[in-house]
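# Observations on the three-dimensional arrangement
Residues per chain, in single letters:
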Amino acid sequence: MQALQEMRHRKISYRRLHDGKIFKDKGFISALGIGGARSVVLWRLSLSKPEQSNEAKAEPRKARPERSEGNARIKRNIKMKYRGHETFSIRKNWLAKGMEAVHANPGIFTDKTFAPMEELGIGRNMVVSLRYWMKAVGLTEEKKGEKTRKTETVFSTLGKIIYKHDPYVEETGSLWLLQAELASNKDFATSWYFFFNEFNMTEFSKDDFVSELFKFGKSSGGSTARSSFESDFECIVGTYVSRFKNASEIDPEDNIESPFAELGLVDFMGGERKMYRKVIPPKQNIPSLVFLAVLYRMCEKSTNDGYAYKNLEIPLSDIQNRKNGAGKLFNLDVITLMDILSELESRDFVKVVRTAGLDVVRLFAWKDLDESESYKKCVEEYYKELKI
């Protein structure tokens, strides 16, 4: 009691008391009537902040109720991105135009002294959308320039190869390579990642997809309005479904086809609910070397994620069913998958090893190269074969 009275008299807070500095005040120690270092230490250990009276106790803060789907918003605590496309799906010639601009001027999207709308010949929102798509499909990255120290847009490893061999993005293999990057880009193209890796409905409506995406976002700790999910669905449809499948709803000023519609991964079924379905692409539509490149990419990413495939052996079930596996990214069923692997095996690029209880695919095309270099080699070889 004497200690508390002395504290009030000297206007000493509990914070000052517990930081220990006040115990260097000899006048305070003398007023407490305790002496000696040991006595001071024991007194400090025994001291505790007095409880408030029942009347003074504050009401505990009530936990905020979780937001429901009806509230159309969820909290985010991990990296996810929705609606970065400004409602524009990828358009033909956009990627070619973007690569040419980045090659000529790395500051085209980031340096405020430039006028990208004039140089690209598109509106402000379209510039934002094109910048987004260039990164989402894995063509470009943004980093500090070595000389200028300003943020610049530069080609990724894949972007350099495509710009060198297919600057107008005309080859089907280029689109499949970009599809693999887009559909596995969870951080920057979350809805595309979800659609190919997490969303298991084969036939679905807009409401089906948006409801499942909302649940996914909520379970991941997201904070996104439902309207953004709806916008992403419309953009996914615009990316993969030919606009001529539903010509009656095409805006005459917005009838530019997406190049990814050529992949045939999604189809419009129609009906009152406007149903869509995922489509298994024919085996001959996917170049075998492009598929092999995606397998090496799986190995590269697995190493980065901490579950490296030893000896470049990938379980067949992982290729088919694992998130970011080739089967998921390309909508493949097991028959189509095995047909592609058989072609690669006939060319001595892979070996399908069947053992009791576990079938694995062994990659041995370029044993002297690591996964990253093998990926680049596959892509280069694909373009080389096109010229033969």
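Remember, predicted model here, so these are calculated numbers, not experimental data. Positions within a chain are numbered from 1, following the residues in the order the chain's sequence is written. The model is predicted, so local features are restricted to residues of pLDDT at least 70 and side-chain atom pairs to those at 80 or more, both for listing and for counting; the totals for chains, interfaces and linings are taken over all residues. Note: side-chain values were computed over all heavy atoms of the structure, leaving out hydrogens and water.

### Re the sheet that holds strand E4 (residues 266-270)
- Strand pairing is assigned whenever DSSP detects at least two bridges linking the two strands. Here a strand is any run of E in DSSP of at least two residues, a helix any run of H or I of at least four, and the numbering for each starts at the N terminus. Pairing within the open sheet is antiparallel, and its 3 strands lie in the order E3-E5-E4. Two strands in the sheet have a free side with no partner beyond their single neighbour: strand E3 (203-204) and E4.
- Two elements, E3 and strand E5 (residues 275-278), share 2 bridges in a ladder whose sense is antiparallel. When the bridges of E5 are listed, Phe204 appears paired with Tyr276.

### Here's the deal with the sheet that holds strand E6 (residues 313-315)
- Within the open sheet, the 3 strands sit side by side as E6-E8-E7. Their pairing is antiparallel. Each edge of the sheet is formed by a strand with only one pairing partner; in this case those strands are E6 and strand E7 (350-355). Taking each pair of neighbouring strands and ignoring which way they run, the sheet shows an average axis angle of 25°.
- One ladder, built from 6 bridges, connects E7 with strand E8 (residues 358-363); its direction is antiparallel. Pairing of Val352 across the sheet is with Val361, part of E8.
- The contact criterion used is simple: two residues touch if any of their non-hydrogen atoms lie within 4.5 Å. For helices, the axis comes from a line fit to the C-alpha atoms of the stretch in contact; other axes are also lines fit to C-alpha atoms, and the angle between any two N-to-C directions lies between 0 and 180 degrees. With respect to the sheet, helix H16 (residues 334-346) is in contact with E7 and E8, its orientation differing from that of E7 by roughly 120°.

### Things to note about helix H10 (residues 190-197)
- Exposure is judged per residue with a 1.4 Å probe applied to protein chains only, and the accessible area is read against the type maximum: over 50% gives exposed, under 20% gives buried, and values in between give partly exposed. Burial of H10 is extensive: 8 of the 8 residues sit out of reach of the surface.
- Among the residues of H10, Thr190, Ser191, Trp192, Tyr193, Phe194, Phe195, Phe196 and Asn197 are the ones counted as buried.

### Brief notes about helix H11 (residues 206-219)
- Its 14 residues place the ends of H11 20 Å apart at the C-alpha level, agreeing with the 20 Å of an ideal helix rising 1.5 Å per residue.
- Along H11, the positions that sit buried rather than exposed are Asp208, Phe209, Val210, Leu213, Phe214, Phe216 and Gly217.
- Just beyond H11, the residue with positive phi is Gly221, at close to 80°. For a helix, the expected span equals 1.5 Å multiplied by the number of residues minus one.

Read these as spatial facts, not as claims about activity.
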